[in-house]
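Structural description and commentary
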Amino acid sequence: MDSKAQIDPGKLPRHIAIIMDGNGRWAKQHGRPRVFGHKNGVRAVRETTEAAAELGIEYLTLYAFSTENWGRPRTEVTALMHLLVETLHKEIGTLNKNNIRLQAIGDIAKLPAKTHRALLDGIERTKNNTRMTLVLALNYSAKWEILEAARQLAAQAQRHEIEPEDIDETLFSQSLTTRGIPDPELLIRTSGEARLSNFLLWQAAYSELLFTEIFWPDFSKEHLYQAIVDFQGRERRFGKISEQVG
Ligand code: IPE
Ligand code: IPE
Ligand code: MG
């Protein structure tokens, strides 16, 4: 099966967002500890990033750690943060070689210092790359992000820098951590769960949602191609009727 050949290069989504889920269950299936699943998830990140860049996707956002994930057992959180530092150090060279820019969304200043530093270093070292932007959602919460934007705008209004009437979709979008990034046309979640788990609530208002049973560590280039073929077969009506958009 060659899904790549079925992709219409003229109708690619500019931005694909992925909720990488199922690492723990994948590990359990293999009779291994949860961390083994996270480690194998890194391979899927590498492969998906490469596939997206090769296709010409402009933005790939990966949900790597939610604000709610701090509630997991301390050993798992520590292992995840460690894995993140290790992966960043290992992969920055590859990102540069492939001309991929790294960015992050979320309350990243609250990450452990070492993780925060590795992330900022990766962002700095790849900032001039132009082929694709890889956005990592880390300590991310959509509700947090929306509240932050509301607070920021309220403060600006209080200082009379803006009027309340100025707050429109454009200004609000520019106050989110995703400022400058187009909304994802396609949002994928692996592992069979069908929920957003506090991810991109504003930005996904009109995203095409795709839920797949595959556990994240098993996600491959072929799965990404299939997702894009599925996306391209959908009619995006944005509230209108078929005859208006066809
Ligand atoms: C996703 O896999 C990775 C993170 C949330 C960091 P999970 O760890 O949630 O795996 P499951 O859902 O328990 O299988
Ligand atoms: C969502 O997955 C967060 C990430 C993929 C980073 P979770 O596994 O944490 O989500 P819930 O708890 O099942 O909703
Ligand atoms: Mg999960």
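Just above, that's the structure.
Quick look at the structure, then.

Thresholds, definitions, all that
Residues numbered from 1 in each chain as written. Chains lettered and ligands numbered in written order. Predicted model: local features only at pLDDT ≥ 70, side-chain atom pairs only at ≥ 80, totals over all residues. Heavy atoms only, no water. Near = heavy atom within 4 Å. Polar contact = N/O pair within 3.5 Å; in protein donor to acceptor, adjacent residues only side chain to side chain. Areas by Shrake-Rupley, 256 points an atom, 1.4 Å probe, with all protein chains shown as cover. 1 Å grid on protein atoms, 1.4 Å probe; cavity = no way out; pocket = protein on both sides within 12 Å on 5 of 7 lines; lining within 4 Å. Sits in = over half its atoms within 2 Å of the grid points. Helix = DSSP H or I, 4+ residues; strand = E, 2+ residues; numbered from the N terminus. Nonpolar A, V, L, I, M, F, W, Y, C, P; charged D, E, K, R; others polar. Patch = residues over 30% accessible without salt bridge, like charges linked within 9 Å, V, L, I, M, F, W, Y side chains within 5 Å. Salt bridge = Lys/Arg side-chain N within 4 Å of Asp/Glu carboxyl O. Lys, Arg positive; Asp, Glu negative; His and termini not counted. Charge placed at Lys NZ, Arg CZ, Asp CG, Glu CD. Buried < 20%, exposed > 50% of the residue type's maximum accessible area, 1.4 Å probe, protein only. Pairing = 2+ DSSP bridges. Points joined across faces, edges and corners; volume = space filled by probe spheres on them.

Taken together, Met20, Asp21, Gly22, Asn23, Gly24, Arg25, Arg34, His38, Ala64, Asn69, Arg72 and Leu80 make up the full set of residues adjacent to ligand 1. Within the backbone of glycine 22, an N or O atom sits 3.3 Å from an oxygen atom of ligand 1. In this structure, glycine 24 approaches ligand 1 through a main-chain N or O atom, which is 2.9 Å from an oxygen atom. Alone, ligand 1 offers 380 Å² of accessible surface; in the complex the protein occludes 87% of this. Assessed atom by atom at 2 Å from the grid points, ligand 1 resides in the largest pocket. Where the shell around ligand 1 is concerned, the elements lending two or more residues are α1 (23–29) and α2 (34–55). The element best represented in the shell around ligand 1 is α1, accounting for three residues. Partitioning the shell around ligand 1 into residue classes produces three nonpolar, five polar and four charged.

Let's shift gears to a negative patch on the surface. Taken together, the side chains of Glu163, Glu165, Asp166, Asp168, Glu169 and Asp183 present a region of like negative charge at the surface. Structurally, aspartate 183 is set in the loop between α6 (169–174) and β5 (186–189).

Moving on, we come to unusual backbone geometry. In this model, histidine 160 sits at a positive phi of 60 degrees, which is unusual for a non-glycine residue. Within the element layout of this structure, histidine 160 appears in the loop between α5 (142–158) and α6. Backbone geometry at serine 197 places phi at a positive 45 degrees, although glycine is not the residue there. Tracing the backbone through its elements, the reader meets serine 197 in the loop between β5 and β6 (208–211).

Along strand β1 (residues 15–19), five of the five residues are buried, which leaves the element largely enclosed by surrounding structure. Of the two faces of β1, both are covered, the one formed by His15, Ala17 and Ile19 as well as the one formed by Ile16 and Ile18. Pairing analysis gives five bridges linking β1 to strand β2 (residues 59–66), with the strands arranged parallel. When the bridges of β2 are listed, isoleucine 18 appears paired with leucine 62.

For the largest pocket, the calculated volume is near 920 Å³. Along its surface, the largest pocket is lined by 43 residues, and Met20, Asn23, Val45, Tyr63 and Ala64 are the ones closest to its centre. Counting residues per element, the ones that place at least two in the lining of the largest pocket are α1, α2, β2, α3 (74–97), β3 (100–105) and β4 (132–140). The dominant element in the lining of the largest pocket, judged by the number of residues it contributes, is α3, at 10 residues. Across the lining of the largest pocket, the residue classes break down as 20 nonpolar, 12 polar and 11 charged. When its volume is computed, the second largest pocket comes out at roughly 160 Å³. Lining the second largest pocket we find Lys11, Leu12, Pro13, Glu185, Phe231, Gln232, Arg234 and Arg236.

Here we take up the site of ligand 2. Around ligand 2, the neighbouring residues are Ile19, Met20, Asp21, Tyr63, Ala64, Phe65, Ser66, Asn69, Arg72, Arg189, Arg195 and Ser197. Arginine 72 places a side-chain nitrogen or oxygen 3.2 Å from an oxygen atom of ligand 2. At a separation of 2.6 Å, an oxygen atom of ligand 2 approaches a polar side-chain atom of serine 197. Notes on ligand 2: free accessible area 390 Å², of which the protein chains cover 77%. Taking a 2 Å distance to the grid points as the criterion, the majority of the atoms of ligand 2 fall inside the largest pocket.

The quantities given are spatial measurements derived from coordinates; they are silent on function.
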